[in-house]
Amino acid sequence: MSDLPRIYQPKPRDVAASTDLERDFAGLNVEQQRAVVHPGGPLLIVAGAGTGKTRTLVHRVAHLIEGGVAPERILLLTFTRRAAQEMLSRAERLVGAASARVHGGTFHGTANRLLRRYGPSAGLPSDFTILDQADAEDLMQFARAAAGPGKPHEKRFPKKETLHWLYSRHVNTEIPLETLLGDELPAFVEHEPAIRAVLREYTRRKAERNLLDYDDLLLSWAMLLERGGELADRMAALYDHVLVDEYQDTNALQARILRGMVGRGGAPANLTVVGDDAQSIYSFRGATVRNILDFPRDFGGATLVALEQNYRSTPAILDVSNAVMAKASEGFRKALWTSRTGGERPWLVTARDEPQQTRFIADRILELYEEGIALSGMAVLVRAGFMSADLEIELQRRGIPFDKWGGLKFLEAAHVKDVLAFLRILENPRDEVSWYRILLLMPGIGEATARSAVEAMSAGAWAPAAFRHFAPPARAQAAHRALAALLDSLRETVAVGDGVGGAVGLEIARVRTLYDELLREKYDRPEARLADLDQLQTIASGYPDRASFLTAIALEPPQATQDLAQGEDGPDDALVISTIHSAKGREWDVVFMPWAVDGYLPLARSLATPEGAEEERRLCYVALTRARHQLYVTYPLNAYATRRGADYSLDQVSRYLDRDVRELMLRVALGDDDRPARDDAPVRAPIDLRALLGGRF
Ligand code: ATP
Ligand code: MG
């Protein structure tokens, strides 16, 4: 320990700021201090959640500036631009305005900046246009039409989204195309030559039109560096220090970029990366913990710092989080500890069904708010966006403001609005907007036909017959017939079956006999969208009639775009509903994690591979470790999900909350009056069929 610096030596020139810096530095623990003052060369900080990784990185930036490194020669890379800004504003509190000159941002943002400046010397025009995801997919559509297999085989050929996904995955993971096809899209293996031709065409069109997609930004940056020569040297000489947060969620291409940016020409590789292998949750985007594992190999002489003291959560919350990770199959073992004391055990709340789970969360949020906890100090974290649908409707009904991170608010998703449009025209046949929406969904019906159909209905006083008798052009006839038949069947009184749910749920089921097919045709992987519609159907079944359902969900005026709504731009004090993915790196006083059931966490479709199941465990860990003071994990005992027309029950508590974990929690059951009470009944654990059958498999 003798080599560890204990006293920080601020420079005299900025007295006020340096005092802050000194005081703050003294508040860091010895390991954190060691990372902050690390002189140079590769540094890997591997540490668990809430151990101050991000805070250490901020301090290191401040320390470098204070030590005389020019701020503009520091590059700070993080997962979102917003996170970078937040880190730099924290650095500003330590060392003053100079920190604003630090280059902070995402890999993509930085690539864009560098390519505009250095690209022209390598033949890349500086005025390239960036294609966003939707634009890129549209361009892929043109490439598909030009170079794809042509008419008779077209239907069996991957859709534009799939082709784009494939291209992107290939670029980011460097996995050969044939391997990706074989592993992920076996149905399309036979089309490999045609797929290659389409991807070539896509690349050609981008070059010809001076377009770069998101992946090209990273790829071009890596290639410029790897080509070597004077230009690569100039780019690599831009920064004396590069720092990366959330390194566990970077991919192979990003690691290549870092290798090119530091340590050129024998200079020390002044690269600091910070990550937690237990929080690696982006493998679907090609991220890999290998980057962390290989760091010492890739950057010789790396110093390793491990942080184990957690400053975020109460001991009771940490115990539960540690217990979930204790059963992980691989990874650096880290047992987090804290010097904090007190705090209530996390609650494990069983509700009778989804509506009761929803009421519990909404009630509790209001109670805590009355006790003085700001709404913005609370978050509800879900595995997938659709799982908060019922809660969103309830919050809207009670007037509790919320922001949603990571995905659209449920009621704003296009496919949910599509299905609601059908209910709306049943309720109000004069709802022109909904008519247009529906008509334009149908194959063969374009703007002109939609307009004349609406005019015909208006002329016919919006009677059902007016649509039936409308005579569309030939190519729209099949669509018109299908739609008219569906609307007729919807207008028949819907008979409510035994226990199947209310009439509105059945109406949605009928709409879906037509609509699901449209979704499937539009997307190769419609599962998430179909799951949203299952959820909508379930929720609607709880309402006595269509009118009360539509009134309950009547949309409020549209809010600021979701991306901006991350906190500041939404209402002043708002609860956060977030996917677990979008919550990484964040913390709240109170965290709710609903739907802790097998099938939703882990998500059923992630269980196809052992790696998928392990990533779900890490997601569970990320969610639990967001909580500072209070944690509520909830699940309904009786819930049904509809998948592909079949109901299955979601009544087993999540496998990650096994007996050892549950013993660390306060078990609570909600009574008929919604009141929470201690629960001592045995938990229904997942049945392990394999064990029962005694090694038969
Ligand atoms: P995650 O893995 O979730 O990204 P992290 O390791 O980056 O977490 P931080 O967000 O940096 O952790 O810190 C977690 C909390 O602990 C923050 O509120 C931070 O201010 C606080 N903290 C970190 N280090 C210390 C310390 N030495 N003393 C007191 N509080 C600290
Ligand atoms: Mg962090």
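Residues numbered from 1 in each chain as written. Chains lettered and ligands numbered in written order. Predicted model: local features only at pLDDT ≥ 70, side-chain atom pairs only at ≥ 80, totals over all residues. Heavy atoms only, no water.

Caption draft 1: Region of the structure containing the overall build of the chain. Helix and strand content of the chain: 29 helices and 18 strands. A burial count over the chain gives 53% of its 697 residues as buried. Considering only contacts within the chain whose residues lie at least 6 apart along the sequence, 76% involve residues at least 24 apart. Element-wise, carbon and sulfur atoms account for 52% of the exposed surface of the chain, whose accessible area totals about 31000 Å². (Helix = DSSP H or I, 4+ residues; strand = E, 2+ residues; numbered from the N terminus. Buried < 20%, exposed > 50% of the residue type's maximum accessible area, 1.4 Å probe, protein only. Contact = heavy atoms within 4.5 Å. Areas by Shrake-Rupley, 256 points an atom, 1.4 Å probe, with all protein chains shown as cover.)

Caption draft 2: Region of the structure containing the sheet that holds strand E6 (residues 241-244). Read across the open sheet, the six strands follow the order E3-E2-E6-E7-E1-E8; overall the sheet is parallel. Looking at which strands have only one partner, the edges of the open sheet turn out to be strand E3 (103-105) and strand E8 (303-307). For this sheet the average axis-to-axis angle between neighbouring strands, irrespective of direction, equals 10°. Bridge count for strand E1 (residues 43-47) against E8 is five bridges, and the pairing is parallel. Its bridge partner lying in E8, Leu43 is registered against Thr303. (Pairing = 2+ DSSP bridges. Axes fitted to C-alpha atoms, helices over the stretch in contact; angles between N-to-C directions.)

Caption draft 3: Quick look at the nonpolar core. If you look at the biggest cluster of nonpolar residues, it comprises 94 residues, and the most contacted ones within it are Trp435, Leu439, Phe549 and Val633. Take this core: its biggest share by element is eight residues, from helix H19 (residues 414-427). Beyond its immediate stretch of four places on either side in the chain, Trp435 contacts Ile425, Pro429, Val454, Met457, Trp462, Phe467 and Leu487. Core analysis: the second largest hydrophobic core is formed by 60 residues, Leu44, Ala136, Leu139 and Val198 among them. (Core = buried A, V, L, I, M, F, W, Y, C linked by side-chain atoms within 4.5 Å.)

Caption draft 4: Highlighting the packing of helix H17 (residues 354-370) against helix H18 (residues 389-398). Relative orientation of the contacting elements H17 and H18 amounts to 45°, with a least axis distance of 10 Å. As summarised for this structure, H17 and H18 are arranged oblique, according to the angle between their axes. For the pair H17 and H18, the sense of crossing is right-handed. Contacts between H17 and H18 involve Glu354, Pro355, Thr358, Arg359, Ile361, Ala362, Asp363 and Leu366 from the former and Asp390, Leu391, Glu394 and Arg398 from the latter. A per-class count over the contact of H17 with H18 returns five nonpolar, one polar and six charged. (Parallel < 35°, antiparallel > 145°, perpendicular 65-115°, else oblique. Left-handed = near helix turned anticlockwise from the far one by under 90°. Nonpolar A, V, L, I, M, F, W, Y, C, P; charged D, E, K, R; others polar.)

Caption draft 5: Just the site of ligand 1, in detail. Around ligand 1, 19 residues are found, and the nearest of them are Lys53, Thr54, Gln279, Glu587 and Arg626. Gly27 is positioned with one of its backbone polar atoms (N or O) 3.1 Å from a nitrogen atom of ligand 1. Interatomic distance of 3.5 Å between a side-chain N/O atom of Tyr311 and a nitrogen atom of ligand 1. In terms of residue count, helix H3 (residues 53-66) provides more of the shell around ligand 1 than any other element does, three residues in total. Within the shell around ligand 1, the residues separate by chemical class into three nonpolar, 10 polar and six charged. The residue makeup of the shell around ligand 1 includes at least three contributed by each of domain 1 (6-116 + 225-307) and domain 3 (315-407 + 570-692). (Near = heavy atom within 4 Å. Polar contact = N/O pair within 3.5 Å; in protein donor to acceptor, adjacent residues only side chain to side chain. Domains from an automatic or database assignment.)

Caption draft 6: Expanded view of the pattern of salt bridges. Counting across every chain of the model gives 48 salt bridges. Measuring nitrogen to oxygen at the nearest pair gives 3.0 Å for the salt bridge that ties Asp213 to Lys206. When its relative accessible area of 2% is taken as the criterion, Lys206 is described as buried. Its salt-bridge partner being Arg437, residue Asp418 comes within 2.7 Å of it at the nearest N-O pair. (Salt bridge = Lys/Arg side-chain N within 4 Å of Asp/Glu carboxyl O.)

Caption draft 7: Broad picture of helix H2 (residues 30-37). When H2 is considered as a whole, its buried residues turn out to be Gln32, Gln33, Ala35, Val36 and Val37. Sitting at the head of H2, Asn29 places a side-chain oxygen 3.1 Å from the backbone nitrogen of Glu31.

Caption draft 8: Focus on the packing of helix H11 (residues 214-226) against helix H12 (residues 229-236). Closest axis-to-axis distance for the H11/H12 pair is 7 Å, and the angle between their directions is 115°. Contacts between H11 and H12 involve Trp221, Leu224 and Leu225 from the former and Leu231, Ala232, Met235 and Ala236 from the latter. Here the residues of the contact of H11 with H12 are counted per class, giving seven nonpolar, no polar and no charged.

Caption draft 9: Broad picture of H12. Listed as buried for H12 are Leu231, Ala232, Met235 and Ala236. Seen end-on, H12 carries its buried residues on one side only, within an arc spanning 130°. On its buried side, H12 packs onto helix H5 (107-118), H11 and helix H13 (252-261). (Arc of directions from axis to C-beta.)

Caption draft 10: Just the packing of aromatic side chains, in detail. Summed over all chains, the structure comprises 14 aromatic pairs. Consider the rings of Phe360 and Tyr632, whose centres lie 6.1 Å apart with planes at 65°: the pair is edge-to-face. Taken together, the residues span a long stretch of sequence, with Phe360 in helix H17 and Tyr632 in strand E14 (residues 627-636) at a distance of 272 residues. The buried category is assigned to Phe360, whose relative accessible area is 5%. Taken together, a centroid distance of 4.8 Å and an interplanar angle of 65° make the contact between Trp595 and Tyr600 edge-to-face. For the pair Trp595 and Tyr600, one class covers both residues: buried. An aromatic cluster of at least three residues, connected via ring pairs, comprises Trp347, Phe360, Phe592 and Tyr632. The aromatic ring of Trp347 is capped on one face by Arg364, whose charged end is 5.2 Å from the ring centroid. The ring centre of Tyr523 lies 3.7 Å from the NZ or CZ of Arg529, which sits over that ring. (Phe/Tyr/Trp six-rings, centres within 6.5 Å; stacked < 30°, edge-to-face > 60°. Lys NZ or Arg CZ within 6 Å of the ring centre and 35° of its normal.)

Caption draft 11: Molecular detail of the environment of Gly50. Positionally, Gly50 belongs in the loop between E1 and H3. For Gly50 and Glu587, which are 537 residues apart along the polypeptide, the C-alpha to C-alpha distance reads 8.4 Å. Each residue touching Gly50, except ones within four places of it in the same chain, is listed here: Gln309, Asn310, Tyr311 and Arg312.

Caption draft 12: Just the side chain of Arg144, in detail. Turning to its location among the elements, Arg144 is positioned in helix H6 (residues 133-147). Side-chain polar atoms of Arg144 contact the backbone oxygen of Pro158, separated by 2.8 Å.

Caption draft 13: Structural detail: the pairing of strand E17 (residues 666-670). Burial within E17 is extensive, with four of its five residues counted as buried. Sheet topology places strand E9 (residues 347-351) next to E17; four bridges connect them, and they run parallel. Looking across to E17, one finds that Trp347 is bridged to Leu666. Inspection of the sheet shows E17 paired to strand E18 (residues 676-678) by three bridges, in the antiparallel sense.

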